[in-house]
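The lines below spell out each chain.
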Amino acid sequence: MSIYLAVFMVVAYFIWIKCFHNRHRRTLLKSLQTVLEVPSLSEINGDGIRALIITAHPDDECMFFAPTILRLVELDAIVHLLCLSEGNYYNQGAQRKQELFNSCAVLGIQHSRITIVDHKNLPDDPKAEWRVSLVSSIIVKHMRAHTFNMVLTFDGRGVSGHANHIAIYKTVSYLASTGQVPNGCVLLSLVTVGLLRKYTSFLELPLSSLLPSCFCCFSGAQGYRMPCYAIALNSCGSVTSTSPSLDTCSQTPSKSYHKDRRTSRSTEIISCRYTYGYHYCCVSCEQFFSH
C-alpha cells in the first residue's frame, strides 16, 4: 500500500509541476506588468520590454541568466547583453569572446545587441577590485545609448561569490542611489541561494513558488536543455559538426570538467539551479532599487 501511495505522490507532484509551468506564462506577464509599472499587459508584449543583462564574463549569461533570457525572448522582448570583460584570465579572451557570441545565438540574443568590454582595468580576476567609477561610467554610457526599462545583474553576493560579479552589483546600486538611472528603468538583481536549494533541482520548486520576489522565471524542459547547449558551446568554443547536440546536453552531468585545448587547464563547470537542476529550474530576481 505504501508503494502505491509513494507512486501516486510522485505522479501527482510531476502533474503539479506541469500545470504550474503551463500557468507560469500568465503569472510572468502579470509580474512584469507590476515590475515595469505599466497599466496594460499589451504594453509589455514585443518591444515593450527592453532589457539589459549585465555580466562580468563570457558564460555568465548561460550559467546564471539563461532561463530569464529565454523567457524574455519568448515574449519578443528586446534583450541586450553587456559583458564587462572578455574573460581573459587564462589569456583566452578572443576564444571566450567567440564562445559568448555562440552562446547568445542559442539563447536568442542578436549579435548586434551584444557588447563586450575589453579594458585593462577590468580584468577577469577574482582578486581584482573593479573601480565603481570606471564600471559606472561604462554602464551609464550604455544605458543612455539605449532606452532600457529593465536591467538585470547579480546581487550583493554575486550568485557564485566572484568579486567581479559583486563589483557590478555595487556599481548598479551606486547608480540607483545617486539618481543616475533613467526614469522608467527598473533594476533587478539575481538572488543568490544556498547550496542546498541550488542542487535540489525540481524539488525546490514549491519553495520558490511561495517565496516573495518582484520577478520570477521558472524554466521547463526546453529551458533546461538550451542552457546546457549554450554552456557546452562555451566548452567547445564554436558551433561545428562535432559540437554537442541538444540531446547530448540533456545528459550533461551537473558538475563536469573539460580540458582546455590551448592551455591544458581544467575548468570546472558548476551546476547552477538557474541553468541545470533537473527539468524545472528557477530564476528569482529581487528588485533592489527603483528609480
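Residues numbered from 1 in each chain as written. Predicted model: local features only at pLDDT ≥ 70, side-chain atom pairs only at ≥ 80, totals over all residues. Heavy atoms only, no water.

**What about the overall build of the protein?**
So, point 1. Looking only at helices and strands, one finds 11 helices and 9 strands in the protein.
So, point 2. Taking all 291 residues of the protein together, the buried fraction comes to 52%.
So, point 3. In the protein, once contacts between residues fewer than 6 apart in sequence are set aside, the share between residues at least 24 apart is 77%.
So, point 4. By element, 56% of the accessible surface of the protein is carried by carbon and sulfur atoms, the whole surface being about 13,800 Å². (Helix = DSSP H or I, 4+ residues; strand = E, 2+ residues; numbered from the N terminus. Buried < 20%, exposed > 50% of the residue type's maximum accessible area, 1.4 Å probe, protein only. Contact = heavy atoms within 4.5 Å. Areas by Shrake-Rupley, 256 points an atom, 1.4 Å probe, with all protein chains shown as cover.)

**A word on the pattern of salt bridges**
So, point 1. A complete count under the given rule lists 3 salt bridges for this structure.
So, point 2. With a shortest N-O distance of 3.1 Å, aspartate 59 and arginine 96 are connected by a salt bridge. Taken together, the positions of aspartate 59 in the loop between strand E1 (50-55) and helix H2 (60-63) and arginine 96 in helix H4 (residues 93-107) put the pair 37 residues apart, joining distant regions of the chain.
So, point 3. The class for arginine 96 is buried, based on a relative accessible area of 11%.
So, point 4. Where arginine 96 meets aspartate 124, a salt bridge forms, and the shortest distance between an N and an O atom there is 3.3 Å. Here arginine 96, found in helix H4, pairs with aspartate 124, found in the loop between strand E3 (114-116) and helix H5 (132-145); they are 28 residues apart in sequence, far enough to count as distant. We note that arginine 96, like aspartate 124, is buried.
So, point 5. Salt bridges sharing common partners tie together Asp59, Arg96 and Asp124. (Salt bridge = Lys/Arg side-chain N within 4 Å of Asp/Glu carboxyl O.)

**Structural notes on the packing of aromatic side chains**
So, point 1. Under the counting rule described, the total for this entry stands at 5 aromatic pairs.
So, point 2. A centroid spacing of 5.2 Å and a plane angle of 65° characterise the contact between phenylalanine 65 and phenylalanine 154, whose relative ring orientation is edge-to-face. Here the residue phenylalanine 65 occupies a position in the loop between H2 and helix H3 (66-74), and phenylalanine 154 occupies one in strand E4 (residues 150-154), the gap between them amounting to 89 residues.
So, point 3. Residue class for phenylalanine 65 comes out buried when judged on its relative accessible area of 0%.
So, point 4. With a centroid separation of 5.0 Å and 85° between ring planes, the pair formed by tyrosine 89 and tyrosine 90 is classed as edge-to-face.
So, point 5. Tyrosine 90 sits in the partly exposed class, given a relative accessible area of 38%.
So, point 6. Site record: aromatic cluster; members linked through ring pairs are Tyr13, Phe14 and Trp16. (Phe/Tyr/Trp six-rings, centres within 6.5 Å; stacked < 30°, edge-to-face > 60°.)

**Focus on the pairing of E1**
Two faces belong to every sheet, and in a regular strand the side chains alternate between them.
So, point 1. Counted residue by residue, E1 has 5 buried out of 6 residues, so it is predominantly covered.
So, point 2. Two strands pair when backbone bridges link them, and E1 and strand E2 (residues 78-83) are joined in this way by 6 bridges, in the parallel orientation. The residue bridging leucine 52 from the neighbouring strand is histidine 80, located in E2.
So, point 3. When E1 meets E4, the two strands line up parallel, connected through 3 bridges. Bridge pairing links leucine 52 to valine 151 in E4. (Pairing = 2+ DSSP bridges.)

**Focus on H4**
So, point 1. Here H4 spans 21 Å end to end across 15 residues, near enough to the 21 Å set by a 1.5 Å rise per residue.
So, point 2. Along H4, 11 of the 15 residues are buried, which leaves the element largely enclosed by surrounding structure.
So, point 3. Every buried residue belonging to H4 is among Gly93, Gln95, Arg96, Glu99, Leu100, Phe101, Asn102, Ser103, Cys104, Val106 and Leu107, and all of these are buried.
So, point 4. Looking one or two places after H4, you find glycine 108, whose phi comes out positive at around 105°. (Expected span 1.5 Å × (residues − 1).)

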